[in-house]
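Structure assessment
If you want the building blocks of each chain, they are given just below.
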Amino acid sequence: VDTLRRVFPGVHGRLVDLCTPSHRRYDTAMAAVIGRLSDAVVVETQRVAVEALRFLREERLPVLTLLPLDALLVPPAARLDALRQRLASPGSPSARLAVDVCRPRDAAVARAVAFACGTAVVGESTDGARQLVYEAAVGTRVVALDGTIVHHNGNLTGGAFAASDRRHWEEREVRELRAE
């Protein structure tokens, strides 16, 4: 990623480095929400992405997922507002949209964070997540604070896969404090 940053203007970095959960309790849930896109590299345009892919092939560097900001499809604001209203309704378990819980480090990459989060919802517990999916029928995946994902079709995903990204945010904070 550092090589790409030096060679091509418009390379921002890995998604996991460009965003931070708003509170430590959301670390595991946000690592599960971002999932496989955590190592994706955010770039300005599709043209930069194509040139970077060509460079990776020529230099025989590892495969990377690139997220060109000008081509990402993010959920419409109306859909997100409707979800916020459903989550705020009385009787529904405490939950927030993932995009509201994840803070981009720079306004330029907010679109990539919105793309990675999509319409995912972060709930307090696994039972609350199930209630949101099955009873409230929010129509999107809900992630509990422990990293368990309840998909809108009923599938459950979970495990310790998100621990590495959670540690990454903690290690980054330590590196920043040492640099200061």
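Here the residue index of a chain counts from 1 through its sequence in written order. At least 70 in pLDDT is required for a residue's local features to be given in this predicted model, at least 80 for side-chain atom pairs to be given and counted, and no such filter applies to totals for whole chains, interfaces and linings, which use all residues. In computing side-chain values, all of the structure's heavy atoms are included and hydrogens and water are not.

What follows deals with helix α7 (residues 110-117). Among the residues of α7, those classed as buried are Ala112, Val113, Ala114, Ala116 and Cys117. Should any heavy atoms of two residues lie within 4.5 Å, those residues are considered in contact. Going along the chain from the N terminus, every DSSP run of H or I of four or more residues is numbered as a helix, and every run of E of two or more is numbered as a strand. The inward-facing, buried residues of α7 abut α2 (15-18), β2 (19-21), α3 (27-34), β3 (41-43), α6 (98-101) and β6 (102-104). After α7 finishes, the residue Gly118 shows a positive phi value of roughly 60°. Throughout, exposure labels follow a simple rule: accessible area from a 1.4 Å probe, protein chains only, divided by the maximum for the residue type, with under 20% read as buried, over 50% as exposed, and the rest as partly exposed.

The next subject is the packing of aromatic side chains. Any Phe, Tyr or Trp ring, taking Trp's six-membered ring, that has another such ring centre within 6.5 Å forms a pair; planes under 30 degrees apart are called stacked, those over 60 apart edge-to-face, and the others tilted. If you walk through the whole model with that rule in mind, you get one aromatic pair. Ring plane angle 85° and centroid distance 5.7 Å describe the contact between Phe8 and Phe55, whose orientation is recorded as edge-to-face. Here Phe55 lies in helix α4 (residues 46-58) and Phe8 lies in the loop between α1 (2-7) and β1 (11-14), a separation of 47 residues in the sequence. Neither residue differs from the other here; Phe8 and Phe55 are each classed as buried.

A separate point is the confidence of the model for the protein. Values of pLDDT, the confidence the predictor places in each residue, fall between 0 and 100. Per-residue pLDDT for the protein averages 85, and the proportion of residues at 70 or more is 93%. The secondary structure element of the protein with the lowest average pLDDT is helix α9 (residues 163-179), at 72, and the one with the highest is strand β4 (residues 66-68), at 93.

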